[in-house]
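Chain by chain, the residues:
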Amino acid sequence: MMQIAEILAPSGLVPMPFDEAAPSKAHERTLASYLLNRHRGAAAVRDILVADIRAFVDLGQSRAAADLMVVLRMLLARWPETRRRAPRPLAWDATASDA
């Protein structure tokens, strides 16, 4: 999965420190709209949100992408189980080193 900096690099944006971005009521409403997909699973909500961030970056809509990044931060803070944990590469598998 691409890092936020890699997603924003083509647009020339620098990822802002999320601690400085205070969520607004509009961010709360946006998160609530994404949470309507919670029946699909928390990971699906995260994936939809990340896909929308990428789409806005591709369209050059940096403000909308930044707003959705705040919403993503809110989601990850409130539902830690939505954080993606990358599987370890097969080369790190203990059984692979014995071969």
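Bear in mind that the values here come from a model prediction, so they are computed numbers and not experimental data. (Residues numbered from 1 in each chain as written. Predicted model: local features only at pLDDT ≥ 70, side-chain atom pairs only at ≥ 80, totals over all residues. Heavy atoms only, no water.)

### What about the nonpolar core?
The cut-off we apply is this: Residues grouped as a nonpolar core are buried Ala, Val, Leu, Ile, Met, Phe, Trp, Tyr and Cys residues, joined through side-chain atoms within 4.5 Å. Note on classification: 1.4 Å probe, protein chains only; a residue is buried when its accessible area is under 20% of the maximum for its type, exposed when over 50%, partly exposed between these limits. Each helix corresponds to a stretch of at least 4 residues labelled H or I by DSSP, and each strand to a stretch of at least 2 residues labelled E; elements are numbered beginning at the N terminus.
If you look at the biggest cluster of nonpolar residues, it comprises 16 residues, and the most contacted ones within it are Leu31, Leu49, Ile53, Leu72 and Leu75. Broken down by secondary-structure element, the contributors of at least two residues to this core are α2 (25–34), α3 (42–58) and α4 (62–78). Per-element accounting of this core gives the leading share, eight residues, to α4.

### A closer look at the environment of alanine 22
For alanine 22, the location among the structural elements is in the loop between α1 (4–8) and α2. Measuring from C-alpha to C-alpha, the distance between alanine 22 and methionine 74 comes to 9.9 Å, with 52 residues separating the pair along the chain.

### What about the pattern of salt bridges?
To be explicit about the condition: We define a salt bridge as a side-chain nitrogen of Lys or Arg found within 4 Å of a carboxyl oxygen belonging to Asp or Glu.
Following the criterion strictly, the structure yields two salt bridges and no others. Between glutamate 28 and arginine 78 there is a salt bridge whose closest N-O contact spans 2.7 Å. One end of the pair, glutamate 28, is in helix α2; the other, arginine 78, is in helix α4, with 50 residues separating them in the sequence. Glutamate 28 gets classed as partly exposed once you look at its relative accessible area, which sits at 33%. With a closest N to O distance of 3.0 Å, arginine 46 and aspartate 47 form a salt bridge. Relative accessible area serves as the criterion here: at 7%, arginine 46 is assigned to the buried category.

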